[in-house]
Amino acid sequence: MVYRLVCIYFVLVTFVFANEKNVLLIHSFSKGTNWADNVSAGVESVFDGDSNINLSTEYINIEKHTDAKYFDLLHDFYVKRFSKTKYDVVIVSDHFAVEFVMKYKDDFFHDVAFIFCGLEKNIKKYTKKYKNKNINLVLESVRHKRNFALAKELFPELKLLYFIDDKSYSNKIYNPVKDAAILSFQDSVIIEKESVTNLQNILSRINNLPKDSAVMIGNFTINDKNKIITNYEKEIFFKSIDKPIFILSDEQINDHVLGGYLLSGFEQGRTSAELAYKRLKGKRASDLPLITIPDTVPIFN
């Protein structure tokens, strides 16, 4: 009898472990940055409650480290770290992490399904480079033109839109798309670009703009010293602005902004996890949409 129970126990344990799946989520940005946290929340909303899925998360911390030596060390660290676990699906979030993983994927992984998210759909090199491979893409589309038009619709007398961006890696990726959108809209409103430097100086400049002005926030993750702009600093900054504030993604939502048609980190994560779940169930990349583009979310205070 005891022998039979032991046999049943080992059969059950073997069955449970055979059905366990390992999913890895790799972020470009640090834990605590709103975008990374929102993407993670979207991924977890799909996997939470499924005890057969083991979700691990890694952060490359691109906004903190830019030197080549760091990425060489990170490569060596990941080779050792990832060799300890056989991953079934790897979700990679945002441009830098995707480029890093694609460069070294054969060093890190073997026989893995990939889901890449947070890539701008209007940057064709990504869709051309990764389409028709063993990869499903979840793309995003920053609605610059739609939000420029929204600002003009809500404030018909608007003459100047003060557009604030940081100098992060992501912003460099988006610059051509943003500049094209600004160029196409300049006949309607003057759009003045400002890179994030000293927040107090920018605040002084904003509050001395003409009354028929508004502010739009693009990437707003790091300051001029390459340090993360904390949520507290953002709160104080936005609270002190005496002009209407429009934003482009849900990572900037707070009580002091009007809102806009926003990229959603949560939707990027949720959509990626839903695709990953189907891959875990045996679907091939070609059985699913190779490219998915979640809608921007209209959110207004």
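See the structure above.
On a predicted model such as this, the values are computed, not experimentally measured, just so you know.

1. As for the environment of Ile 229
- Along the chain, Ile 229 falls in the loop between strand E8 (213-217) and helix H9 (231-239).
- According to the relative accessible area criterion, Ile 229 is buried, its value standing at 3%.
- Once the C-alpha coordinates of Ile 229 and Thr 33 are considered, the two residues, 196 residues apart in sequence, prove to be 8.9 Å apart.
- If near-sequence neighbours (up to four positions away) are discounted, Ile 229 is found in contact with Val 196, Leu 199, Phe 220, Thr 221, Ile 222, Asn 223 and Lys 234.

2. Some words on the nonpolar core
- Of all hydrophobic cores here, the largest spans 68 residues; its most connected members are Ile 26, Ile 91, Phe 109 and Phe 116.
- Per-element accounting of this core gives the leading share, 8 residues, to helix H4 (residues 95-108).
- Beyond its immediate chain neighbours, meaning those up to four positions away, Ile 91 contacts Val 23, Leu 24, Leu 25, Ile 26, Val 43, Phe 47, Ile 115, Cys 117, Ser 272, Ala 273 and Ala 276.
- With 20 residues, the next largest nonpolar core counts Ile 206, Val 215, Ile 229 and Ile 241 among its residues.

3. Describing H9
- Taken residue by residue, H9 has Lys 234, Phe 237 and Phe 238 as its buried positions. One side of H9 holds all its buried residues, which, seen down the axis, span an arc of 90°. Projecting away from the buried face of H9 at angles above 90 degrees are the exposed residues Tyr 232 and Lys 239.
- Buried residues belonging to H9 abut helix H2 (34-47), strand E6 (160-165), helix H8 (199-206), E8 and strand E9 (245-247).

4. Quick notes on the sheet that holds strand E4 (residues 113-120)
- Strand order in the open sheet formed by 6 strands is E2-E1-E3-E4-E5-E11, and the pairing between neighbours is parallel. The open sheet has two edge strands with one neighbour each: strand E2 (53-59) and strand E11 (291-292).
- Alignment of strand E1 (residues 21-27) against strand E3 (residues 89-93), held across 5 bridges, turns out to be parallel. Residue pairing in the sheet places His 27 in a bridge with Ser 93 of E3.
- With respect to the sheet, H2 is in contact with E1, E2, E3, E4 and strand E5 (135-140), its orientation differing from that of E2 by roughly 175°.
- Strands in contact with H4 are E1, E3, E4 and E5; relative to E4, the strand with the most contacts, it is inclined by about 145°.

5. Structural notes on the pattern of salt bridges
- On inspection of all chains with the given rule, the structure shows 10 salt bridges.
- Notably, a salt bridge pairs Arg 146 with Glu 153, separated by 3.4 Å at the nearest N-O pair.
- Lys 193 serves as the salt-bridge partner of Asp 179, at 2.9 Å between the closest nitrogen and oxygen. Taken as a pair, Asp 179 in helix H7 (residues 169-185) and Lys 193 in strand E7 (residues 190-195) lie far apart in primary sequence, 14 residues in all.

6. Notes on the packing of H4 against H7
- Between H4 and H7, the least distance of the axes is 8 Å, while the angle of their chain directions is 100°. In terms of axis orientation, H4 runs roughly perpendicular to H7. Residues His 95, Phe 96 and Glu 99 of H4 form the contact with H7, whose participating residues are Tyr 169, Ile 173 and Tyr 174.
- Grouping the amino acids of the contact of H4 with H7 by side-chain chemistry returns 4 nonpolar, 1 polar and 1 charged.

7. Description of the packing of aromatic side chains
- With the rule as written, the count across this model stands at 26 aromatic pairs.
- Each ring, one from Phe 47 and one from Tyr 277, has its centre 6.1 Å from the other, and the planes form 25°; the classification is stacked. One end of the pair, Phe 47, is in helix H2; the other, Tyr 277, is in helix H10 (residues 265-280), with 230 residues separating them in the sequence.
- A relative accessible area of 25% places Tyr 277 in the partly exposed class.
- On the basis of an interplanar angle of 20° and a centroid distance of 5.1 Å, the ring pair of Phe 82 and Phe 109 is categorised as stacked. Separated by 27 residues along the polypeptide, Phe 82 in helix H3 (residues 68-82) and Phe 109 in the loop between H4 and E4 bring together distant segments of the chain.
- What makes Phe 82 buried here is its relative accessible area of 2%.
- Its guanidinium or amino end placed over the ring of Tyr 261, Arg 143 lies 5.9 Å from that ring's centre, counting from NZ or CZ.

8. Observations concerning the packing of helix H6 (residues 144-154) against H7
- Here H6 crosses H7 at 40°, and the two axes come no closer than 9 Å. With respect to H7, the axis of H6 lies oblique. The handedness of the crossing between H6 and H7 comes out as right-handed. Two secondary-structure elements touch here, H6 through His 144, Lys 145, Phe 148 and Ala 149 and H7 through Val 177, Lys 178, Ala 181, Ile 182, Ser 184 and Phe 185.
- Residues belonging to the contact of H6 with H7 are distributed by class as follows: 6 nonpolar, 2 polar and 2 charged.

About the cut-offs
Residues numbered from 1 in each chain as written. Predicted model: local features only at pLDDT ≥ 70, side-chain atom pairs only at ≥ 80, totals over all residues. Heavy atoms only, no water. Helix = DSSP H or I, 4+ residues; strand = E, 2+ residues; numbered from the N terminus. Buried < 20%, exposed > 50% of the residue type's maximum accessible area, 1.4 Å probe, protein only. Contact = heavy atoms within 4.5 Å. Core = buried A, V, L, I, M, F, W, Y, C linked by side-chain atoms within 4.5 Å. Arc of directions from axis to C-beta. Pairing = 2+ DSSP bridges. Axes fitted to C-alpha atoms, helices over the stretch in contact; angles between N-to-C directions. Salt bridge = Lys/Arg side-chain N within 4 Å of Asp/Glu carboxyl O. Parallel < 35°, antiparallel > 145°, perpendicular 65-115°, else oblique. Nonpolar A, V, L, I, M, F, W, Y, C, P; charged D, E, K, R; others polar. Phe/Tyr/Trp six-rings, centres within 6.5 Å; stacked < 30°, edge-to-face > 60°. Lys NZ or Arg CZ within 6 Å of the ring centre and 35° of its normal. Left-handed = near helix turned anticlockwise from the far one by under 90°.

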